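Summary of structural features
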Amino acid sequence: MKAVNYDQAPLLTIWEVTRSCELACRHCRASAENLRSPLELSLQEGKVLIDAVAAMGTPLLVFTGGDPLQRPDLEDLVRHARERGLIVATIPAATPRLTRERIFSLKEAGVHQLALSLDGATAKEHDEFRGVEGTFNKVEEAVGWIHEAGVPLQINTVFGSWNADRFDALAEKVRKWGTTFWEIFFLVPTGRGAELTSCTAWQFEHLFDQIHRFACETEITVKVTEAQHFRRFQQEHGGAASRHGRISLSSRPVNAGNGFCFIDFQGKVMPSGFLPLDCGNIRETPLADIYQNHPDFRQLRNLNALTGPCSTCSFLETCSGGSRARAWALTGDYTSSEPFCIKSAPSSGKSTGDATASRLAF
């Protein structure tokens, strides 16, 4: 992909095409309900948004939800994005709407990648997390259809304290399913996710080690989301997986409002879905104007604005201070330090990320 100037455009834009979803996932940032809103952007408004994303120079666009399949015009949106030269992916929910016919329809429209969520290595674990029985079996069924359609398969997994010890079991399932791209999310406690517990700094570090080893041993590309300090870990440990091309790292760290932009179902523009600050609406203000000029976006791109240990850390440029969304969720201040990094967390044992305890993981 071409280089992107983050002051001018995000590398990745995510549009929440609907907030409606049949599932009740425990970590859902949007607390989605199974009811479409009349305030959703229309197909025509969506096409205008897609044009604006392409005009900024953003290469990547993801249609998320809710469940994007609740929009019957999803294929029209995919097709329009492809016509504008964008790389397009979407994240359907594992509900009865996820059918072989719909997958082939999205393939025909030109989707580059389809993502499914896996949050438990067994049906019981996954279904309890997703809030609806049968979702694990639906995911397995859809994996086969995606392979049949010849569309690259992405698996998304969220980690928190509840499954920090289940990496190997989840990784084995990811391998078995013939995954092309594994996106590993670390919990940001917002929405329903505010009721869950994040990994400790020590658990982050241990999972970073497991991710690093997995990427060195497999052909699957791995991307880590909302754990920007993984880039620090990679630098400290030689970056072997990155050199092999199996860790997906942009040339610069992507963070909320800094290489990343989120548009909700009503057209509100936010630095991230996990940092839901309303910075304007595309129905009233051009997307590029909001991204480039809104004070919150500008401050999020200014690493000199960070406070606490991150502001003086030698790895600041490497990881951009960790997750700005998690800092905001836990402190109400997006300029505060990453709460779960061994470089910034208090040294008081494993539960808060003691550096000595962390080294024992290796």
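Heads up: the structure comes first, above all this text.
A few points on the structure. Throughout this description, residue numbers start from 1 for each chain and increase along the sequence as written. Confidence filtering applies because this is a predicted model: local features only for residues at pLDDT of at least 70, side-chain atom pairs given and counted only at 80 or more, and all residues used for totals across whole chains, interfaces and linings. To get the side-chain values, all heavy atoms of the structure are used, and hydrogens and water are removed first.

This next bit is on helix H13 (residues 324-331). For every residue, the accessible area obtained with a 1.4 Å probe (protein chains only) is divided by the maximum for its type, and the residue is called buried under 20%, exposed over 50%, and partly exposed between those limits. The numbering of helices and of strands both runs from the N terminus, where a helix is a DSSP run of H or I of at least 4 residues and a strand a run of E of at least 2. Those residues of H13 that fall on the buried side of the exposure criterion are Arg324, Ala325, Arg326 and Ala327. The contact definition used throughout considers only heavy atoms, calling two residues in contact when any of these lie within 4.5 Å. Along its buried surface, H13 packs onto strand S6 (181-186), helix H7 (201-217), strand S8 (255-256) and helix H11 (295-300). Regarding H13, its N-cap is serine 323, as a side-chain oxygen of that residue lies 3.4 Å from the backbone nitrogen of alanine 325 further along. Where H13 ends, the next residue or the one after it, glycine 332, has phi of about 80°, a positive value. Think of a polar contact as two N or O atoms within 3.5 Å of one another; within protein, one of them needs to be a possible hydrogen donor and the other a possible acceptor, and neighboring residues in sequence only count if both atoms come from side chains.

For soluble globular proteins, nonpolar side chains are generally found buried alongside one another. Counting 80 residues, the largest nonpolar core has Phe63, Leu116, Phe167, Trp182, Phe186 and Ile211 as the members making the most contacts within it. Sort the elements by how many residues they give to this core and helix H5 (residues 135-149) lands first, with 7 residues. Every residue in contact with phenylalanine 167, bar those within four places of it in the chain, is listed here: Phe159, Trp182, Ile184, Leu207, Gln210, Ile211 and Phe214. To qualify as a nonpolar core, a set must consist of buried Ala, Val, Leu, Ile, Met, Phe, Trp, Tyr and Cys residues joined through side-chain atoms within 4.5 Å. Among the nonpolar cores identified, the runner-up in size contains 7 residues, and Leu12, Ala89, Phe260 and Met270 belong to it.

What follows deals with the packing of helix H2 (residues 74-83) against helix H3 (residues 100-109). The packing of two helices is summarised by the inter-axis angle and the distance between the axes. In this analysis an axis means a line fitted to C-alpha atoms, helices contributing only their contacting stretch, and an angle means the value between N-to-C directions, from 0 to 180 degrees. H3 packs onto H2 with a crossing angle of 25° between their chain directions and a minimal axis gap of 8 Å. With respect to H3, the element H2 is oriented roughly parallel. The two elements H2 and H3 meet at a crossing, and its hand is right-handed. Only Arg102, Ser105, Leu106 and Ala109 of H3 make contact with H2, whose side of the interface consists of Leu74, Glu75, Val78, Arg79 and Arg82. Any residue outside Ala, Val, Leu, Ile, Met, Phe, Trp, Tyr, Cys, Pro, Asp, Glu, Lys and Arg is labelled polar, Gly included; the first ten of those are nonpolar and the last four are charged. Partitioned by chemical class, the residues of the contact of H2 with H3 number 4 nonpolar, 1 polar and 4 charged. Note that the term roughly parallel is reserved for angles under 35 degrees, roughly antiparallel for angles over 145, roughly perpendicular for angles of 65 to 115, and oblique for everything else. Whether a crossing is left-handed or right-handed is set by the direction in which the near helix is turned from the far one by less than a right angle, anticlockwise for left-handed and clockwise for right-handed.

Of note, the bond from glycine 65 into glycine 66 is cis; its omega dihedral lies within 30 degrees of zero at 20°. You can see glycine 66 is positioned in the loop between strand S2 (60-64) and H2. Phi at glutamate 226 takes a positive value of approximately 60°, unusual for a residue other than glycine. Considering the arrangement of structural elements, one finds glutamate 226 in the loop between strand S7 (221-225) and helix H8 (230-236). When its relative accessible area of 9% is taken as the criterion, glutamate 226 is described as buried. Non-glycine residue serine 320 carries a positive phi angle of around 55°. Locating serine 320 in the fold gives a position in the loop between helix H12 (316-319) and H13.

Bringing the pattern of salt bridges into the picture now. By salt bridge we mean one thing: a side-chain nitrogen of Lys or Arg within 4 Å of a carboxyl oxygen of Asp or Glu. In this structure the tally under the stated criterion is 21 salt bridges. Two residues, glutamate 45 and arginine 283, come together in a salt bridge whose shortest N-O distance is 2.9 Å. Placement of glutamate 45 in helix H1 (residues 43-56) and of arginine 283 in the loop between strand S10 (269-270) and helix H10 (287-293) is noted, with a sequence separation of 238 residues between them. When the shortest N-O distance is used, the salt bridge between lysine 124 and glutamate 128 registers 2.8 Å. Taken together, the residues lysine 124 and glutamate 128, both in helix H4 (residues 123-130) and 4 residues apart, mark about one turn of the helix. Here the salt bridges do not stand alone but share partners, grouping Glu205, Arg232, Glu236 and Lys343 into one network.

Turning our eyes to something else, we now look at helix H6 (residues 167-176). When H6 is considered as a whole, its buried residues turn out to be Phe167, Leu170, Ala171, Lys173 and Val174. Down the axis of H6, the buried side of the element spans an arc of 160°, and every buried residue falls inside it. For H6, the exposed residues set more than 90 degrees away from the buried face come down to Asp168 and Lys176. If you follow the buried residues of H6, they end up packed against H5, strand S5 (153-159), S6 and H7. Just past H6, the residue glycine 178 takes up positive phi, approximately 70°. Regarding the arc, it is the one traced by the directions from the helix axis to the C-beta atoms.

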